[in-house]
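Close look at the chain arrangement
The primary structure of each chain is shown beneath.
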Amino acid sequence: MAHVLVTGAASGIGRAVAEHFAANGHTLTLVDIDADRLAATASALGGAHRIHDLCTADGPAAAVSGAWDAHGPVDVLVNAAGVYPSLDMIEVSAADWDRVFALNTRAPVLATAELARRARASGRGASVVNISSGSALRARPGGGPYASSKAALEMATRAAALELGPYGIRVNAVSPGFIGVDSACNPVTDEYAAAVSVNPLGRPGTPADIARAVVWIAGPEASWVTGEILRVDGGSGTGASHLPRLWPPAGEAATEPPAPPLSPEPPQEAAHPTTKGHTS
């Protein structure tokens, strides 16, 4: 079984990822800055846990080196920690911008670098999965810094895959559509969630939808996959299905597209907060 290190594991997508790896019998090291929720997650799943501030310069490398030294070589690194504050581009400060990039982009890069150094030195392969976002391709008001950080993360994913592949280290990303998570940073209304989660499959995503994709792309069944951005978004990235089908001449009504059929709710998974919040 693999030793899996998951950042942002206290809640949301990170916790769901940890649950799915635990269900497959893997050894877990869980990292977060929220000590109480992280301890509860670790207690529920049976994994080790470490408190790290991944926004600091040495926090990401310390998370990897601490897990490696305490529990053995890390086989899989999932960079799920992230922050999405609502920040208008006209108001954003240097501190705001740097905080978003420190956690969403720099931390995964530095954690991956530390894992790569250790894996290369020991002659081992490894698998890295970064959690990106559909916002990397499509910004929305208030999401400019977040979208920019995820776009940068996707290029860093490709660059790392290119350079680290010769050492047997795969680097991929999973890009969720809108996923409801319990976020104190950017809580959202039900109306907002409904507006941004329109997709061809007719239902919002869940953290478990993302976790299943992470487990697959991190594992041996995807052993010839690297540098990929796996979109898991219910098809929302395919286009804007809610726009009018035709633009009519002036004075005539637009033809509306048919509403997509509602898909059944996804299978029930182990409980974790999914009602308010945003994708990581």
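Each chain carries its own residue numbering, running from 1 in the written order of its sequence. The model is predicted, so local features are restricted to residues of pLDDT at least 70 and side-chain atom pairs to those at 80 or more, both for listing and for counting; the totals for chains, interfaces and linings are taken over all residues. Side-chain calculation: all heavy atoms of the structure are included, whereas hydrogens and water are not.

A separate point is the overall build of the chain. Elements are defined by DSSP. Helices are runs of H or I of four residues or more, strands are runs of E of two residues or more, and each kind is numbered from the N terminus. Each helix and strand in the chain was counted, giving seven helices and seven strands. Helices and strands appear in the chain in the N-to-C order β-α-β-α-β-α-β-α-β-α-β-α-α-β. For the exposure calls, accessible area comes from a 1.4 Å probe over protein chains only, and a residue counts as buried if that area is under 20% of its type's maximum, exposed if over 50%, partly exposed in between. Taken across its 280 residues, the chain has 48% of its residues classed as buried. By sequence separation, contacts in the chain at least 24 residues apart represent 71% of the contacts at least 6 residues apart. Accessibility throughout is a Shrake-Rupley quantity obtained with a 1.4 Å probe, and a residue counts as covered only by protein chains that appear here. Taken as a whole, the chain presents about 13200 Å² of accessible surface, with 58% of it coming from carbon and sulfur. We call two residues in contact whenever any of their non-hydrogen atoms come within 4.5 Å of each other.

Glancing now at the sheet that holds strand 7 (residues 229–232). Note: two strands are recorded as paired if DSSP finds a minimum of 2 bridges between them. Strands sit in the order 3-2-1-4-5-6-7 across an open sheet of seven strands; the sheet is parallel. Both outer strands of the open sheet, strand 3 (48–51) and strand 7, are each paired with one neighbouring strand and no more. Between one strand axis and the next, the sheet turns through 20° on average, direction left out of account. Judged from the four bridges that link them, strand 1 (residues 3–7) and strand 4 (residues 76–79) form a sheet pairing that is parallel. Bridged to Leu5 within strand 4 is Leu77. Here the axes come from fitting lines to C-alpha atoms, over the contacting stretch only for helices, and the angles between their N-to-C directions go from 0 to 180 degrees. Against the sheet, helix 2 (residues 35–45) contacts strand 2 (27–32) and strand 3, and its axis sits at roughly 170° relative to strand 2.

Before going further, it helps to spend a moment on the side chain of Glu154. One can find Glu154 in helix 5 (residues 144–164). We define a polar contact as two N or O atoms separated by no more than 3.5 Å, with the added condition that, inside protein, one atom must be a possible hydrogen donor and the other a possible acceptor, whereas residues neighbouring each other in sequence contribute only through side-chain atom pairs. Looking at Glu154, its side chain comes within polar contact range of the side chain of Arg231, at 2.8 Å. The residues touching Glu154, leaving out its near neighbours within four places in the chain, are Ser132, Ser133, Ala136, Ser175, Ile229 and Arg231.

Before going further, it helps to spend a moment on the packing of helix 4 (residues 94–122) against helix 5. The geometry of a pair of packed helices is captured by two quantities: the angle between their axes and the separation between those axes. Two elements in contact, helix 4 and helix 5, have axes whose closest approach is 9 Å; the angle formed by their N-to-C orientations is 15°. If you check the angle between helix 4 and helix 5, you find them roughly parallel. Pair helix 4 / helix 5 crosses with right-handed handedness. For the pair helix 4 and helix 5, the contacting residues are Trp97, Val100, Phe101, Asn104, Thr105, Pro108, Val109, Thr112 and Ala116 in the first and Pro145, Tyr146, Ser148, Ser149, Lys150, Ala152, Leu153, Ala156 and Leu164 in the second. Each residue receives one of three labels: charged for Asp, Glu, Lys and Arg, nonpolar for Ala, Val, Leu, Ile, Met, Phe, Trp, Tyr, Cys and Pro, and polar for the others, Gly being one of them. For the contact of helix 4 with helix 5, a count of residues per class yields twelve nonpolar, five polar and one charged. Between 65 and 115 degrees an angle is taken as roughly perpendicular, under 35 as roughly parallel, over 145 as roughly antiparallel, and anywhere else as oblique. Left-handed describes a crossing whose near helix is turned anticlockwise from the far helix by less than a right angle; the clockwise case is right-handed.

Read these as layout, nothing more, since geometry by itself doesn't imply function.
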